[in-house]
Amino acid sequence: MISKKMESMLNEQMKNEFFSAYFYLAMAAWFSSKNLNGFANWYRIQAQEERDHATMIMDYTLRVGANAEFLTIEAPDANFASPMDIFEKTLEHEQKVTAMINDLMGAAIDERDFKTQQFLQWYVSEQVEEEENATGLIEKLRIAGNSEAGILYMDAEAATRVYTPAVQATT
Ligand code: OFO
């Protein structure tokens, strides 16, 4: 079992991960509408990964005898100005998610809930990668001078991303 507080925090995070999927799908749609189909692919895969992050939390709550609750997912702000705007919003969003994961881990430590700490460790590592990826997109486009040629080059590179399901040992 886990505490009611931890159950509720995990359910909140499951919703936040689904929100991330929703947000990235909105970005994928924006790229598709601009014919930047490589980035559309990249963000669609990003959304799939976020859905995995959410369902891994659902699976964990069920394994430890807690309830999986399906909370309301708010609509993302889908007004994007440019690829750079999207990359910056991606980094900003991932930094917020890192803070959420840190809050969860902090609560698990306070409660001496060792199995939840072990479960959350995967998310702690994942956030390093998520922030690194978003920073990489921003830096690369900056190096290219935020130019159209740079965007097209990066779009071709983003087209090569393939979906790999997240694998995690829970409990
Ligand atoms: Fe983007 O890592 Fe989950 O939310």
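The text that follows walks through the structure, step by step, so that each part is easy to find.

Rules used throughout
Residues numbered from 1 in each chain as written. Predicted model: local features only at pLDDT ≥ 70, side-chain atom pairs only at ≥ 80, totals over all residues. Heavy atoms only, no water. Helix = DSSP H or I, 4+ residues; strand = E, 2+ residues; numbered from the N terminus. Contact = heavy atoms within 4.5 Å. Buried < 20%, exposed > 50% of the residue type's maximum accessible area, 1.4 Å probe, protein only. Salt bridge = Lys/Arg side-chain N within 4 Å of Asp/Glu carboxyl O. 1 Å grid on protein atoms, 1.4 Å probe; cavity = no way out; pocket = protein on both sides within 12 Å on 5 of 7 lines; lining within 4 Å. Points joined across faces, edges and corners; volume = space filled by probe spheres on them. Nonpolar A, V, L, I, M, F, W, Y, C, P; charged D, E, K, R; others polar.

## What about the side chain of Q117?
Then step 1. Tracing the chain through its elements places Q117 in helix α4 (residues 114-143).
Then step 2. Residues within four places of Q117 in sequence aside, it is in contact with M105, A108, I109 and R112.

## Considering the environment of E129
Then step 1. Within the secondary structure, E129 is located in helix α4.
Then step 2. A residue is classified by how much of its surface remains accessible, and E129, at 38% relative accessible area, is partly exposed.
Then step 3. Distance in space between the C-alpha atoms of E129 and D110 is 26 Å, their sequence separation being 19 residues.

## Some thoughts on unusual backbone geometry
Then step 1. Residues other than glycine seldom take positive phi values, yet R112 does so here, at roughly 55°.
Then step 2. Its place among the elements puts R112 in the loop between α3 (83-110) and α4.
Then step 3. Classification of R112 by relative accessible area gives exposed; the value is 61%.

## As for the pattern of salt bridges
It is possible for side chains of opposite charge to pair when their charged atoms get near one another.
Then step 1. Counting across every chain of the model gives seven salt bridges.
Then step 2. Put simply, E12 and K15 hold a salt bridge, and the shortest N to O gap is 2.8 Å. Here the residue E12 and the residue K15 both occupy positions in helix α1 (residues 4-33), the gap between them amounting to three residues, near one helical turn.
Then step 3. A salt bridge links R142 to E88; its shortest N-O distance comes to 3.8 Å. Here the residue R142 occupies a position in helix α4, and E88 occupies one in helix α3, the gap between them amounting to 54 residues.
Then step 4. Among the residues examined, R142 registers a relative accessible area of 48% and is labelled partly exposed.

## Points about the layout of surface pockets
Then step 1. Considering only enclosed or pocket space, the largest pocket measures out at about 230 Å³ in volume.
Then step 2. N16, F19, F23, E74, D77, F80, K89, E92, H93, K96 and M100 are the residues that line the largest pocket.
Then step 3. The element contributing the most residues to the lining of the largest pocket is α3, with five residues.
Then step 4. For the lining of the largest pocket, the per-class residue count stands at four nonpolar, two polar and five charged.

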